[in-house]
Amino acid sequence: MKKFLAILLALTLALTCFAACGSTGEESSAAGDSSAAGDSSAAEESTSSSAEEEETNTEGGDLPTISLMIVCGTTPPDADAVAAELSKITAEKIGCNVEFITFEVGNSKQQIQLLLSGGDDTLDIYWADGGGTSVNFISAAENGQAMPLEEVMEPYADSMKEALGEEVYNAGIVNGVQYGIGRLLDQASVTMFNLRADVAEQFGYKNGDILTGGLEELTELFAKVREAYPEIPIIGPMNGSINWGDTRVDNLGDANMLGVLDNYGQDETITNYYESEKYQERLDYVKQWMEMGCYMTDLMNVTEAPADLIPAERALGCFAGHFSAEMNGIWSSQNFGVDIATLQIYGEEAVAVTPGAYYCINPNTQNAELCAAFLNEMATNPDVANLLINGIEGQHYQVLEDDNGEYATYMDGKDVSSTGWVMGYSWTALNSTISLPFDYPSTYFDDLLAANAAADRSKAFGCQFDTTECADALAACTNVVNQYANPLLSGAVQDVDATAEQFRQALRDAGIDEIIAVKQAQLDEYLGK
């Protein structure tokens, strides 16, 4: 890793960007900070693993090294040790070593862009998304930052399609050319509400329950909770925002909802979500919740996490999204510092949508064939997946059993602040389903795959929308959404109806109809119309 960090430092100084994965930074739900207490021992482990790697190379001759993108809160102290263990597998199986390039989640997008334009041997394998955490996948494909994959991946296509599913594997096709391999994660997230478990139980609810009455039933529960706990707001933020999505539609990969497929993605006509009955229904409930006093005061400006708010009784809950209310409640209970009951809001139906991120090969790589072979290992080899996701067994995690099988958990006496790896790193994995679930029941990934299979697959699944021709309208509408959407759903405006109409008119003026028309033409072509 040292060689690449030196390159990164030089590029960073030249272009005055933020340093990748510094000593401070945002912490993601899957990547925790490491404490200073673990640094000295981790340094010894890293030194030892580096020496071991050099010994391996000496015995087997100099092997080429490929670099892999790792996004984290801060650089885990045992990154070199994990890379060395990974290299033992890849040296034997495909004839190369693997080195990690780590990026702080808050600066990752800018840093990845820098390395992709920094010349040869800077970053071999990376993942691209919608432009949130990494570079935009469509832009990377069109700007020559992602290698066409059909030829180089051909020896592994069958095994990867079997591991990931053919539709996921093929989802990275842009304008007829495959530039990325879709990540296999939960495809059918549904809207939920996290409520302190003791409060939920007081009114007859438990973790994993489904509110068949939807928002009406949730509002009835809110009324009972407000009567029992009048001094504590019910709705707090999740990661700095209201985090309340509408999973009854396919947003076509656009969190701003600038054109959606209604009816759980089964419609074939793209519509303006903000003019829909579903959106108006949500606003009507916002007005009720405001009158009831459900919202945390100044919610949009609260920067603390639920772990700071809910145990301290500054809020009783927050919105969430997950494929399983039960599993989300387990995760939230572990991470919020208090038992949580997650309640699913919109019944059992869900829509399976196009993967949100894709593994790509940098066209500047000197080892394209080895990169392709390693992507195959990431998709099909449980040992590789477990190293990347959970770290080194016996050092970063131990294996326990429940009634149905095995799962991973922290070593005794360790937690997110003292372990040396980004534990439970499944959110960035190419195929997390072949790894051991981390601090989840052993059936977690089986349940995930079952939820994917049971969901209604969107008519637009696999369609990659290119909005280049409406870029100005997209930028203008994005600004409008940023101005209005969160304040409206957060109960932060005095007159919801008047503000909503201003919002809708501003979107019309900014060109939302143009965006929808462009997307509709591409969807029609994708559907063979």
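Above this text sits the structure in question.
Numbering of residues starts from 1 in each chain and follows the order in which that chain's sequence is written. Local features in this predicted model are restricted to residues whose pLDDT is 70 or higher, and side-chain atom pairs enter the listing and the counts only when it is 80 or higher, whereas totals over whole chains, interfaces and linings include all residues. Neither water nor hydrogens contribute to the side-chain values; these are computed over all heavy atoms in the structure.

## A short note on the overall build of the protein
Secondary structure elements follow DSSP: runs of H or I no shorter than four residues count as helices, runs of E no shorter than two count as strands, and numbering proceeds from the N terminus. Looking only at helices and strands, the protein features 20 helices and 17 strands. Partly exposed describes any residue whose relative accessible area lies between the buried limit of under 20% and the exposed limit of over 50%, with all areas from a 1.4 Å probe on protein chains only and scaled to the type maximum. Buried positions account for 55% of the 529 residues belonging to the protein. Sequence separation of 24 or more characterises 79% of the internal contacts of the protein that already satisfy a separation of 6 or more. Note on areas: Shrake-Rupley with a 1.4 Å probe; residue coverage comes only from the protein chains shown. On the protein, roughly 21,700 Å² of surface is accessible, and the fraction owed to carbon and sulfur atoms is 46%. Here, two residues are considered to be in contact whenever any of their heavy atoms come within 4.5 Å of each other.

## Focus: empty space enclosed by the protein
Cavities and pockets are found on a 1 Å grid laid over the protein atoms alone: a cavity is a set of points where a 1.4 Å probe fits but cannot escape, a pocket is an open set with protein on both sides within 12 Å along at least five of seven lines, and a lining residue has an atom within 4 Å of such a point. Grid points are joined across faces, edges and corners, and a volume is the space filled by probe spheres set on the points. In this structure the tally under the stated criterion is three cavities of 30 Å³ or more. In this structure, the largest cavity spans a volume of roughly 60 Å³. Residue lining of the largest cavity: Leu-68, Met-69, Ile-70, Tyr-359, Met-378, Leu-388, Ile-389, Tyr-425, Thr-428 and Ala-429, and that is the complete set. Polarity classes work like this: nonpolar for Ala, Val, Leu, Ile, Met, Phe, Trp, Tyr, Cys and Pro, charged for Asp, Glu, Lys and Arg, and polar for all others, with Gly in that last group. Residues that form the lining of the largest cavity fall into these classes: nine nonpolar, one polar and no charged.

## A few points about helix 14 (residues 325-336)
Here, expected helix span is obtained from the residue count minus one, scaled by 1.5 Å. In this model helix 14 runs 15 Å from its N-terminal to its C-terminal C-alpha over 12 residues, within 8% of the 16 Å that 1.5 Å per residue would give. Its buried side turned inward, helix 14 meets strand 7 (190-196), helix 13 (306-309), strand 11 (317-322), strand 12 (340-344) and helix 17 (444-454). Throughout this description, a polar contact denotes any pair of N or O atoms lying within 3.5 Å of each other; where both atoms belong to protein, one of them has to be capable of donating a hydrogen while the other can accept it, and for residues adjacent in sequence the pair is counted only when both atoms sit in side chains. Between a side-chain oxygen at the N-terminus of helix 14 and the backbone nitrogen of Glu-326 the separation is 3.4 Å; the capping residue is Ser-324.

## Quick notes on the pairing of strand 14 (residues 358-361)
Side-chain positions along a regular strand alternate between the two faces of the sheet. Of the two faces of strand 14, the one lined by Tyr-358 and Cys-360 and the one lined by Tyr-359 and Ile-361 are each fully buried. Bridge analysis of strand 3 (residues 125-128) against strand 14 gives four bridges, and the strand direction is antiparallel. Bridge assignment links Ala-128 to a residue of strand 14, and that residue is Tyr-358. Two strands are counted as paired when DSSP detects at least two bridges linking them. The sheet contact formed by strand 6 (residues 181-182) and strand 14 spans two bridges and is antiparallel. Residue pairing in the sheet places Ile-181 in a bridge with Tyr-359 of strand 14.

## What to know about the nonpolar core
Put simply, buried Ala, Val, Leu, Ile, Met, Phe, Trp, Tyr and Cys residues joined by side-chain atoms within 4.5 Å make one nonpolar core. Ranked by size, the top nonpolar core spans 79 residues in total, and within it Leu-68, Phe-100, Tyr-126 and Phe-374 carry the most contacts. Counting residues per element, this core draws most heavily on helix 15 (residues 368-380), which supplies nine residues. Setting aside its immediate chain neighbours within four residues, Tyr-126 contacts Met-69, Ile-112, Leu-116, Val-135, Ala-140, Gln-145, Ala-146, Tyr-358, Tyr-359, Cys-360, Ile-361 and Asn-362. Formed by 67 residues, the second largest nonpolar core is a distinct cluster that contains Ala-197, Val-286, Val-480 and Ile-512.

## Concerning helix 15
The terminal C-alpha atoms of helix 15 lie 19 Å apart, and with 13 residues this matches the ideal 18 Å at 1.5 Å per residue to within 8%. Burial analysis of helix 15 places 11 of its 13 residues in the buried class, the great majority of the element. Three or more residues of helix 15 are buried, namely Ala-368, Leu-370, Cys-371, Ala-372, Ala-373, Phe-374, Leu-375, Asn-376, Glu-377, Met-378 and Ala-379.

## Section: the pattern of salt bridges
Every case where a carboxyl oxygen of Asp or Glu lies within 4 Å of a side-chain nitrogen of Lys or Arg is listed as a salt bridge. Applying the stated criterion across every chain yields a total of 16 salt bridges. A salt bridge links Glu-281 to Arg-248; the nearest nitrogen and oxygen atoms lie 3.0 Å apart. In this pair, Glu-281 sits in helix 12 (residues 277-292) while Arg-248 sits in the loop between strand 8 (235-236) and strand 9 (260-261), placing the two residues 33 residues apart along the sequence. Between Lys-529 and Glu-268 there is a salt bridge; the shortest N-O distance is 2.8 Å. Here Lys-529 is found in the segment after helix 20 (512-526), whereas its partner Glu-268 is found in the loop between helix 11 (262-265) and strand 10 (270-271), with 261 residues between them in sequence. When its relative accessible area of 60% is taken as the criterion, Lys-529 is described as exposed. Classification of Glu-268 by relative accessible area gives partly exposed; the value is 29%. Each of the salt bridges in this network shares a partner with another, and the network as a whole consists of Arg-196, Asp-198 and Glu-313.

## As for the side chain of Gln-344
With respect to the secondary-structure elements, Gln-344 resides in strand 12. Among the residues examined, Gln-344 registers a relative accessible area of 8% and is labelled buried.

## What about the pairing of strand 11?
The buried fraction of strand 11 is high, at five of six residues. As defined by bridge partners, strand 7 adjoins strand 11 across six bridges and the pair is classed as antiparallel. The residue of strand 11 that forms the bridge with Leu-195 is Gly-317. Pairing analysis gives two bridges linking strand 8 to strand 11, with the strands arranged parallel.

## What about the side chain of Ser-324?
Take Ser-324: it is sitting in the loop between strand 11 and helix 14. Within the local environment of Ser-324, its side chain forms a polar contact with the backbone nitrogen of Met-327, the two atoms lying 3.1 Å apart.

## Quick word on the packing of aromatic side chains
Here the aromatic set is Phe, Tyr and Trp, taking the six-membered ring for Trp, and pairing holds for ring centres within 6.5 Å; pairs whose planes are under 30 degrees apart are stacked, those over 60 apart are edge-to-face, and all others are tilted. Tallying each qualifying case throughout the model produces 22 aromatic pairs. Relative to Tyr-295, the ring of Trp-289 lies with its centre 6.4 Å away and its plane at 55°, an arrangement referred to as tilted. Judged by its relative accessible area of 10%, Tyr-295 falls in the buried class. Put simply, the rings of Phe-193, Phe-222, Trp-244, Tyr-285, Trp-289, Tyr-295 and Phe-319 pair up and form one aromatic cluster. Cation placement over rings: the criterion is NZ of Lys or CZ of Arg within 6 Å of the ring centroid and within 35° of the ring normal. Looking at Arg-183, its charged tip hangs above the ring of Trp-127, at a distance of 4.6 Å from the centre.

## Comments concerning the sheet that holds strand 8
An order of 8-11-7-12 is seen for the four strands of this open sheet, with the pairing classed as mixed. One side of each edge strand has no neighbouring strand; the edge strands of this open sheet are strand 8 and strand 12. In this structure, strand 7 lies alongside strand 12, joined through five bridges in antiparallel fashion. Bridge assignment links Leu-195 to a residue of strand 12, and that residue is Ala-341.

The quantities given are spatial measurements derived from coordinates; they are silent on function.
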